[in-house]
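Analysis of the macromolecular model
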Amino acid sequence: MVRLITQNLLSCPSRACAYPTNFPLSFRNVTKLEMVEADFNEEFLRGVLSRLEWQALRKSAAELGNTDLPEQSPDLTRPEAIPLDLLKSLHHVLLEIVVADGEMVCPQCEHVYRIKDSIPNMLLAEHEIRR
Ligand SMILES: [Zn+2]
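Here is what the cut-offs are and how they apply
All chains use their own residue numbering, which begins from 1 and follows the written sequence. With the structure being a predicted model, the display of local features is reserved for residues of pLDDT at least 70 and the display and counting of side-chain atom pairs for 80 or more, all residues being used for whole-chain, interface and lining totals. Note that water and hydrogens are dropped before the side-chain values are worked out from all heavy atoms of the structure. UniProt positions are given in the numbering used here, feature names are shortened, and annotations may be inferred rather than shown by experiment. For the purposes of this entry, the term helix denotes a DSSP run of H or I that reaches at least four residues, the term strand denotes a run of E that reaches at least two, and both are numbered from the N terminus. We take the radius of gyration over the C-alpha atoms and set the globule estimate at 2.2 Å times the residue count to the 0.38 power. Working rule for contacts: check all heavy atoms of both residues, and any pair within 4.5 Å makes them a contact. Metal donors: N, O and S atoms at distances within 2.8 Å, or within 3.2 Å for Na, K and Ca, with water omitted from the atom set so that some sites may seem incomplete. Any site counts as irregular unless it has four donors with all angles between 85 and 135 degrees, making it tetrahedral, or four or six donors with opposite ones more than 155 degrees apart and the rest between 65 and 115, making it square planar or octahedral. Using a 1.4 Å probe on the protein chains alone, a residue whose accessible area is under 20% of its type maximum counts as buried, one over 50% counts as exposed, and one in between counts as partly exposed. Lines fitted to C-alpha atoms define the axes here, with helix axes fitted over just the stretch in contact, and angles between the N-to-C directions of these axes take values from 0 to 180 degrees. Should an angle fall under 35 degrees it is called roughly parallel, over 145 degrees roughly antiparallel, and 65 to 115 degrees roughly perpendicular, with every other angle called oblique. Left-handed is the label given to a crossing in which the near helix is rotated counterclockwise from the far helix by less than a right angle, and right-handed is the label when the rotation is clockwise. In the scheme used here, Gly and all other residues not listed as nonpolar or charged are polar, with Ala, Val, Leu, Ile, Met, Phe, Trp, Tyr, Cys and Pro taken as nonpolar and Asp, Glu, Lys and Arg as charged.

The name given to the protein in an unreviewed UniProt entry is tRNA (M2G10) methyltransferase complex, with Rhodotorula toruloides as the source organism. Annotation of the protein in UniProt includes, under Sequence similarities (unreviewed entry), the sentence "Belongs to the TRM112 family."

It is worth spelling out the overall build of the protein at this point. What the protein contains, in helices and strands, is four helices and five strands. Sequence-ordered secondary structure for the protein, helices as α and strands as β, is β-α-β-α-α-α-β-β-β. At 15 Å, the protein has a C-alpha radius of gyration in line with the 14 Å of a compact globule built from 131 residues. Seen through its C-alpha atoms, the protein measures out along the principal axes to roughly 45 × 30 × 25 Å. Contacts in the protein between residues at least 24 apart in sequence constitute 71% of all its contacts with a sequence separation of at least 6.

We now examine the coordination of the zinc ion. Here the zinc ion is held by Cys 12 (SG), Cys 17 (SG), Cys 106 (SG) and Cys 109 (SG), and the distances to it run 2.3 to 2.4 Å. Bound by four donor atoms, the zinc ion shows angles of 102 to 122° at the metal and therefore tetrahedral coordination geometry. Motif for the zinc ion, donor spacing along one chain: C-x4-C-x88-C-x2-C. Under the relative-accessibility criterion, Cys 12 is labelled buried at 1%.

Taken N-terminus to C-terminus, the directions of helix α3 (residues 54-63) and helix α4 (residues 84-96) make an angle of 60°; their axes are 11 Å apart at the nearest point. In terms of their interaxial angle, α3 and α4 are classed as oblique. Crossing hand, α3 versus α4: left-handed. Contacts from Trp 54, Leu 57 and Ala 61 in α3 reach Leu 86, Leu 90, Val 93 and Leu 94 in α4. Considering only residue class, the contact of α3 with α4 consists of seven nonpolar, no polar and no charged.

Listed below in structure tokens is the structure:
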């Protein structure tokens, strides 16, 4: 399943590309979004916050039509201090929005990763694979 919690940890795996310019993959031509209700798990969410890239997450969420996240990043190094209402927004953005059909595009090499039936095709041609 392509959810923002996984997309936010994903950069283009092509050997022509390197972090940070191969991140985040942009959503394009999204023709099917699904809202999947997930159980709210506060402890899990607070645990995952320190690994998030806030501005990338905001940008990707906006590409999917969600503008709930504030521009100013909360202090992700102090997850215990993040207010519950923001945590609830994050829960929705990270876990409940599923891209069922569309594309993710590398901002560096512009390789298109197709998403079909919620499954991303991350395969590259042989010469593109990083060793
Ligand atoms: Zn790339």
